[in-house]
Amino acid sequence: MPGIVVVGAQWGDEGKGKVTDLLAERADLVIRFQGGNNAGHTIVRGDEVFKFHLIPSGILYPGKTCAVGNGVVVDPRVLTDEIDGLRRRGVDISGLRISANAHLIMPYHLLLDHAGEAKLGKLQIGTTRRGIGPCYADKAARLGIRMQDLLDEKILKQKIYAAMEPKRLTLRPFAKDPALDLHTMTEEYRRFGHRLEPYIADTPPLVWRALDDGGLVVFEGAQGTMLDIDHGTYPFVTSSNPVAGAACVGSGVGPKSIDEVWGVAKAYCTRVGAGPFPTELDDALGERIRKAGGEFGTTTGRARRTGWLDLVALRYACQVNGLTALAVTKLDVLTGLDPLYVATRYLGAEGATFEEFPYHQSVLHKTRGDLIELPGWREDISGARSIADLPRNAQAYLDFVSDFLGIPVATVGVGPARDAVIWTGAAERLRPAAAEA
Ligand code: GDP
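Residues numbered from 1 in each chain as written. Predicted model: local features only at pLDDT ≥ 70, side-chain atom pairs only at ≥ 80, totals over all residues. Heavy atoms only, no water.

A few points about the domain arrangement of the protein
Split into domains, the protein comes out as domain 1 (3–91 + 202–436) and domain 2 (103–198). Here domain 1 and domain 2 have C-alpha centroids that lie 30 Å from each other. Contact residues are listed per partner, giving 27 residues for domain 1 and 21 residues for domain 2. Contact between domain 1 and domain 2 buries roughly 2,000 Å² in total, counting both sides, with carbon and sulfur atoms accounting for 58%. Of all residues in domain 1, Val73, Pro76 and Arg77 bury the most surface against domain 2, accounting for 27% of the area lost on that side. (Domains from an automatic or database assignment. Contact = heavy atoms within 4.5 Å. Buried area = accessible area lost by both parts, 1.4 Å probe.)

Considerations on the pattern of salt bridges
Here the structure, examined in full by the defined rule, presents 20 salt bridges. Put simply, arginine 77 and glutamate 188 hold a salt bridge, and the shortest N to O gap is 2.4 Å. Here arginine 77, found in helix H2 (residues 76–88), pairs with glutamate 188, found in helix H7 (residues 182–196); they are 111 residues apart in sequence, far enough to count as distant. The class of arginine 77 is partly exposed, set by a relative accessible area of 32%. We note a salt bridge from glutamate 287 to lysine 291, for which the minimum N-O separation is 3.4 Å. Taken together, the residues span about one helical turn, with glutamate 287 and lysine 291 both in helix H10 (residues 284–293) at a distance of four residues. Through salt bridges with shared partners, a single ionic network connects Asp13, Lys266, Glu295, Arg304 and Lys330. (Salt bridge = Lys/Arg side-chain N within 4 Å of Asp/Glu carboxyl O. Helix = DSSP H or I, 4+ residues; strand = E, 2+ residues; numbered from the N terminus. Buried < 20%, exposed > 50% of the residue type's maximum accessible area, 1.4 Å probe, protein only.)

Here is the structure:
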């Protein structure tokens, strides 16, 4: 059984949670490899809705090893709340492991995030203000506090002092904030350390062992390719690398451990926050898609911007991730929209056309999708469980996408429910037992 990376192929919120959750049933281990609690996964189990920000969605399978990798930044308050919430609902979390090398979001990271965005004014990046960017910045500056530091009070205090010292000027407006008191902060984080100690582990060997034993390991990404700090629409991006290559770095395995890379993409497009969005529908149709797709953030509640499927950006995502298959989600949301449109190239200023995703920010900002029309369908597709169950035009839509990208479609989401998924031949062997006919 292979190592499979699941990444967002668009601007995040593609429905990775559900895809990972389904793959997790057969997996021996699921590991999150980047991001922080700016990601939000929604999993629907029967009548129950679970929202996760840090813990991999596979945790709902009793005893399954679910790891938070070294590449993730952890707000211990959010993590302990998530653990408490799951316990209260009777979920067995004995399989949870948190990398001792994962970095911690500290109270000053949250304050810096707020201060930074406020200062940018109109140029705001639209961060979720959860301290994630400042935490990754401290990691790169070698001023980060890691999970393992929680277990030694003296070291913890020294490191917090060293990390706060260079930020004194920026933090001056918050000087009276009790959250910034060195002693109080050390005490608070020691308490988190006591609570989290049973879960703190050296996670890479867990992954190596699972792979050596022939197990299935799912590497779970957060956000999406177009939000990648290197390959996305910088600076309107996240502060980590959601692309597949980061799965190795963020979990401690080599590239040879990865056999498949699944890109999760909605049948249309959404984007949260500022930044270029060539296929945006800033009109009543966009609003209709937003309502039909429930396009409001899991973590922030923010309304997402909506638009037609952008095949230029998606082909770029195939390339930077090395996608081996596409997991299409929310095809049902397009039901009743006829005709449909997809962008197969961009139109720029002065009649320029772009077949490839433009690397230059100023160029990209002026582009809009050159749309081609495809026929829609009106039949309810939420009951479809095979490609053959779909209306002919829905099949043609998927074929068009797959042909354009040159990769197979592995799964197709036809509704929010867990079983509202089509498993195509390309993914048959990974289909969860519960979904087998
Ligand atoms: P993630 O962060 O990429 O996992 O995305 P979110 O969890 O923020 O958003 C996905 C949302 O879409 C959740 O509310 C899911 O229940 C829902 N969802 C996932 N797949 C489908 C689908 O195929 N159809 C519909 N209608 N909803 C879906």
